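Understanding the architecture of this molecule
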Amino acid sequence: MRVLIVTAVPAERDAVVRGIGATAPEVAELPVPGGMIHRLSPAPPAGPPLTVDVLAAGVGPAAAAAGTAAALTAAAVARTPYDLAVSAGIGGGFTTARPSATARPTAEQPAPAQSAPARLGSIVVADAIVAADLGAETPDGFTAVTDLGFGTVEHLPPAPLVAAVAEATDAVRGTVLTVSTVTGSAERAAELLRRHPHAAAEAMEGFGVAEAAAAQSVPALEVRAISNAVGPRDRAAWRIGEALEALTSTFGTIAPLLGTWTLDPEGTRQ
Ligand SMILES: O=C(O)c1cccc(C(=O)CC[C@H]2O[C@@H](n3cnc4c(=O)[nH]cnc43)[C@H](O)[C@@H]2O)c1
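The protein chain appears in an unreviewed UniProt entry as Futalosine hydrolase from Streptomyces antimycoticus. Comment text from UniProt for the protein chain, heading Function (unreviewed entry), reads "Catalyzes the hydrolysis of futalosine (FL) to dehypoxanthine futalosine (DHFL) and hypoxanthine, a step in the biosynthesis of menaquinone (MK, vitamin K2)." Under the Sequence similarities (unreviewed entry) heading, UniProt states for the protein chain: "Belongs to the PNP/UDP phosphorylase family. Futalosine hydrolase subfamily."

Right, dumping it as structure tokens:
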């Protein structure tokens, strides 16, 4: 099982490597076009050997897609393809409760149940990776590219993996939006939530990683440690250190899961 983890900046990469490295020392640094992969080999609790490669590909969806595509292609050409691509890093959290994506209204509970808000220092696992600003402004407001007849704006990570990672880390599950411009006002945050009521977090790379992975039929996951609230810009209030620590602790916990989520109870590949 081979897993590629893509972060934006080296500080995020190092936080992930520290977490996985707590049980599996780094074994190699390998150049790929445009970057350097840090390779680790954590021992999976069951099944075949696990190789985890971590790459800092740059900020934004284009850099993320370019770096992910380069790493996936290099691995495929070497006949050692990846089984999973993970977008990881810090992110902004939607810090108010939102309708649950899984609990729908019933006769007994007519109002939609609420999911936990994504507070500072918490972890969000994406059950949907959505490009929030890929589209066109029209007189009637924003229109997604899909409504214009092009491409896609959403990738869905494998549900069993999302569930396993979220349960192991007590993470919030929800949509993670990919934006090219960090939200900086309450109005923009409200507009995003109106269009994406299940949004738990925003960041700048997930859709790029997922799009590059989908082009090679590789499943994708996104994991964000919340460093700031989505809303009026207050860079001084970002808790980057706490978020990086949460990222380290999370990847220490989930590294073995990344290698076993496709296994049945007997430890064989499904
Ligand atoms: O200054 C530092 O030490 C530092 C360390 C690690 C990461 C950073 C970044 O600024 C990374 C930028 C990265 O963060 C994501 N992010 C975080 N909050 C938001 C947000 O509210 N909206 C969108 N993106 C956010 C994003 O993915 C960037 O790539 C600095």
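Now that the structure has been shown, we can carry on.
**Focus on the packing of helix α2 (residues 61-77) against helix α5 (residues 206-215)**
Two elements in contact, α2 and α5, have axes whose closest approach is 7 Å; the angle formed by their N-to-C orientations is 35°. Here the hand of the crossing between α2 and α5 comes out right-handed. Of the residues in α5, those in contact with Pro61, Ala62, Ala64, Ala65, Thr68, Ala69 and Leu72 of α2 are Phe207, Gly208, Val209, Glu211, Ala212 and Ala213. Here the contact of α2 with α5 is composed, by residue class, of ten nonpolar, two polar and one charged.

**Comments concerning the pairing of strand β8 (residues 123-131)**
The buried fraction of β8 amounts to nine of the nine residues, a majority that puts the element mostly inside the structure. Relative to strand β14 (residues 220-229), β8 runs antiparallel, the two being bridged by three bridges. Paired with Val125 across the two strands is Val223, which belongs to β14. Where β8 meets strand β12 (residues 172-178), seven bridges bridge the pair, whose relative direction is parallel. What sits directly across from Ala131, in β12, is Thr178. When β8 meets strand β11 (residues 154-155), the two strands line up antiparallel, connected through two bridges. For Ile129, the partnering residue across the bridge sits in β11 and is His155.

Rules used in this analysis
Residues numbered from 1 in each chain as written. Predicted model: local features only at pLDDT ≥ 70, side-chain atom pairs only at ≥ 80, totals over all residues. UniProt positions renumbered as here; feature names shortened; annotations may be inferred. Axes fitted to C-alpha atoms, helices over the stretch in contact; angles between N-to-C directions. Helix = DSSP H or I, 4+ residues; strand = E, 2+ residues; numbered from the N terminus. Left-handed = near helix turned anticlockwise from the far one by under 90°. Contact = placed C-beta atoms within 7 Å. Nonpolar A, V, L, I, M, F, W, Y, C, P; charged D, E, K, R; others polar. Buried ≥ 20, exposed ≤ 12 C-beta atoms within 10 Å, placed from the backbone. Pairing = 2+ DSSP bridges.

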